[in-house]
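Spelled out from the first residue to the last, the chains are:
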Amino acid sequence: MFRAFPTLLRIGLAEAVAYRAELVIWVLTATAPLISMFIWDRVAAEGPLGGWGQGEMARYFLLTLIVRHITSSWVVWELNENIRTGGLSPMLLRPMHPLVFFVAQNLAAMPLRAVILAPLMVGVLWWRPELVWTPEPWTLVLGLVSAVFAWAIAFSAQVIFGSLAFFSQQSLGLFNVYFGLWSLGSGYLFPLELAPDWLRQLLLWLPFRATLATPVELLAGLVAREDALGLIAAQLVWVGVFVGLAAMTWNLGVKRHEAVGA
Amino acid sequence: MSLGVSILALMRASLLTTMRYRANFIGEAAMAVAWAAWTTAPLFVVFDQAPTLAGWTAEEALAVVGFFIIAQGVLEALVDPNLRAVVEHVRQGTFDFVLLKPIDAQLYVSLHRTEPLKLVHCLVGAGVVAYAARAVDAGAVELLSATLLMLAGLTLLHSLWTVVVSSAFFFVKVDNLSWLIRAGLDAGRWPVSLYRGVVRFVLTFVLPIGLVTTYPALALRGELKPSAGLGALGFAVIFAGLARIAWTQSLRRYSSASS
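All values reported here derive from a predicted model rather than from experimental measurement. Residue numbering note: each chain is counted from 1, following its sequence as written. The naming scheme follows written order: chains are lettered A onward, ligands numbered 1 onward. At least 70 in pLDDT is required for a residue's local features to be given in this predicted model, at least 80 for side-chain atom pairs to be given and counted, and no such filter applies to totals for whole chains, interfaces and linings, which use all residues.

Caption draft 1: Representation of the overall build of chain B within the structure. Counting from the N terminus, the helices are the DSSP runs of H or I reaching at least four residues and the strands are the DSSP runs of E reaching at least two. On a plain count of helices and strands, chain B comes out with eleven helices and two strands. Going residue by residue from the N terminus, the α and β elements of chain B occur as α-α-β-β-α-α-α-α-α-α-α-α-α. In this setup the radius of gyration rests on C-alpha atoms only. A globule is expected at 2.2 Å times the number of residues raised to 0.38. Rg of the C-alpha trace for chain B: 19 Å, near the compact-globule value of 18 Å for 259 residues, within the 12% margin. In terms of overall dimensions, chain B has C-alpha extents of about 65 × 45 × 35 Å along its principal axes.

The following block contains the structure:
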């Protein structure tokens, strides 16, 4: 499996390059943080909100856009399609886990996504140069570690909903519901710092923050040092829960998979 | 065959298709309410922090969201399914059969795959607008002008989609493009006056979602200048004309699947 992985990455990159026009469109459709950035910039212009000026807003939403894209995956649609059409059957015959293939496909597209995002980043920098900050080394390190955890949670969540396609025709609909809740609870549409109190209390018990807001706030230097480790620990718990659930739904699903050739 | 009869026949066909799955209605209605709540949630967070923003209060901005929900409903019911069907026709070569029908092709492709169920979203949006209208004390004149402007805005949206469909004759696979436009239109849930500079210009004149959602809301507040209102109406008519030209010109370039 480890010998095959570099080859899989090459295949994934070739795929991403081959469908580059579609990739551009997919990257540009997930630009909701930019809209939020314009709106919150306007709010911050009326007076700083608890220490968040226009610079902090722009920094927060730019990082939201970046983290969203480097932690994003689309395995839920891949699984759904392949389970429905029977495309999964040959993958199950290969001497490696199909999910390894999807992980490689996901990771290999990252560099290209970053390239597509670059002009947007330059644009935002040019629009609000005051967003620039000098990150402390510890926030940078913890932020990057946290981004890896965030990716693991997001990928596992998609595997869970993708595997539901083994059982139900409605798995994509369920995923859309999850995505809707996620976008409200993860800091994607508004900074959780500025959300009403009751929502913030509720979100302490939900996984959404760990998939986006935690790495973003760490990288942006908006987290106090004494809170940082707690946030990372919460992420680790959610990684465990989501990876466990993903493994369970996948294994249960494959057992009852009855497509042609399975 | 007169225009009215054709439109009725097309609507009836779509309605009959929908009625086969009438149990879906309850699900769709529930989704529409949930979706409306999801759409308005960020607004409450913003106005929790700033009671007025660029001259808009929460209730007034709620009217914008209401018109946005209506526009999304129309997109999902009328515009998007028809667009996807046309792209499929062009790709598979069945578009020839569309052209053979004794009816205006633009009218036919605009209505032949309507999903009336999605109009539930428009009802929910209308409810949001009604709530906002009560909050800002809108009178009959305001309601009427807001409705007119909303129709003008929807005409604009339809024209925009006609242009996208016309490009299908050149680029074939444009359904992804519709996702891109949808992402851009998402900016229309906020009053367009909250944006600045280039963004506001684009949202008013290029992807005219600002006209669809913000202008009717301004009219509801009675704060739209008559000149701006008439300008918007004129813009819609001109845009529809341009879309018609784009459509006929591209049709001329269409080399059918069989020739």
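There's more to say after this.
Caption draft 2: Up close: the overall build of chain A. Per the secondary structure count, chain A includes 14 helices and zero strands. The helix and strand sequence of chain A, counted from the amino end, reads α-α-α-α-α-α-α-α-α-α-α-α-α-α. Computed over C-alpha atoms, the radius of gyration of chain A comes to 19 Å, within 12% of the 18 Å expected from 2.2 N^0.38 for 262 residues, which places it in the range of a compact globule. With the C-alpha coordinates of chain A rotated into their principal frame, the extents come out at 65 × 40 × 30 Å. Classification of the 262 residues of chain A by burial places 40% in the buried group. Note that contacts rest on C-beta atoms placed from the backbone: two residues are in contact if these are within 7 Å. Summarising the internal contacts of chain A: among those between residues at least 6 apart in sequence, 81% fall at separations of at least 24. Exposure is read from a count of other C-beta atoms within 10 Å of each residue's own; the residue is exposed at 12 or fewer, buried at 20 or more and partly exposed in between. C-beta atoms are placed from the backbone.

Caption draft 3: Structural view of the environment of Leu 53 of chain B. Take Leu 53 of chain B: it is sitting in strand β1 (residues 52-53). Taking the C-alpha atoms as reference points, Leu 53 of chain B and Leu 149 of chain B, 96 residues apart in sequence, are found 23 Å from one another.

Caption draft 4: A look at the interface of chain B and chain A. With 20 residues of chain B at the contact, the number on the chain A side is 20 residues. Breaking the side of chain B that touches chain A down by element, the ones donating at least two residues are α2 (24-49) and α8 (175-185) of chain B. Of all the elements, α2 of chain B adds the most residues to the side of chain B that touches chain A, at seven residues. When residues are grouped by polarity, Ala, Val, Leu, Ile, Met, Phe, Trp, Tyr, Cys and Pro land in nonpolar, Asp, Glu, Lys and Arg in charged, and all others, Gly among them, in polar. A class-by-class count of the residues in the side of chain B that touches chain A yields 16 nonpolar, two polar and two charged.

Caption draft 5: Focus on helix α14 (residues 225-255) of chain A. Residues and elements named next belong to chain A. Helix length check: α14 (31 residues) gives 46 Å between terminal C-alpha atoms against 45 Å at 1.5 Å per residue, within 8%. Of the residues making up α14, those classed as buried are Gln 235, Trp 238, Phe 242, Ala 246, Trp 250 and Gly 253. Buried-residue contacts for α14 involve α9 (137-163), α12 (208-211) and α13 (213-219). Helices are assigned an expected span. That span is 1.5 Å times one less than the residue count.

Caption draft 6: A look at the confidence of the model for chain A. Each residue gets a pLDDT score, which is the predictor's confidence in that residue and runs from 0 to 100. The predicted model of chain A has a mean per-residue pLDDT of 88, with 98% of residues at 70 or higher. The secondary structure element of chain A with the lowest average pLDDT is helix α2 (residues 20-29) of chain A, at 80, and the one with the highest is α9 of chain A, at 94.

Caption draft 7: Representation of the nonpolar core within the structure. Under the definition applied here, buried Ala, Val, Leu, Ile, Met, Phe, Trp, Tyr and Cys residues are grouped into a nonpolar core through C-beta atoms within 7 Å. Counting residues in hydrophobic clusters, the biggest one holds 133 residues, and the most contacted among them are Ala 150 and Ile 153 of chain A together with Ala 63 and Phe 67 of chain B. For this core, the element with the highest residue contribution is helix α3 (residues 58-92) of chain B, accounting for 19 residues. If near-sequence neighbours (up to four positions away) are discounted, Ala 63 of chain B is found in contact with Val 129, Ala 132, Ala 133, Ala 217 and Leu 220 of chain B.

Caption draft 8: Expanded view of the packing of helix α1 (residues 5-18) of chain A against helix α7 (residues 98-108) of chain A. All names here are of chain A. Axes, fitted as lines to C-alpha atoms, cover a helix only where it is in contact. Angles between the N-to-C directions of the axes lie from 0 to 180 degrees. Running from N to C, α1 and α7 cross one another at 55 degrees; their axes reach a closest spacing of 8 Å. Relative to α7, α1 is oriented oblique. Read as a crossing pair, α1 and α7 show a hand that is right-handed. Of the residues in α7, those touching α1 at Phe 5, Leu 8, Leu 9, Gly 12, Leu 13, Glu 15 and Ala 16 are Phe 101, Ala 104, Gln 105, Leu 107 and Ala 108. The residue inventory of the contact of α1 with α7, partitioned by class, reads nine nonpolar, two polar and one charged. By the definition adopted for this analysis, an angle is roughly parallel if under 35 degrees, roughly antiparallel if over 145, roughly perpendicular if from 65 to 115, and oblique otherwise. For any pair of crossing helices, the crossing counts as left-handed if the nearer helix is rotated counterclockwise from the farther one by less than a right angle, and right-handed if it is rotated clockwise.

Caption draft 9: Looking closely at unusual backbone geometry. For Ala 54 of chain B, which is not glycine, the phi dihedral falls at a positive 50 degrees. Take Ala 54 of chain B: there are 18 C-beta atoms within 10 Å of it, and that puts it in the partly exposed class.

Caption draft 10: Just the confidence of the model for chain B, in detail. Residues and elements named next belong to chain B. Confidence along chain B averages 85 in pLDDT terms, with 97% of residues attaining 70 or more. Per-element averaging of pLDDT across chain B places α8 at the bottom with 78 and helix α6 (residues 120-135) at the top with 92. With a pTM of 0.88, the predicted complex shows an ipTM of 0.84.

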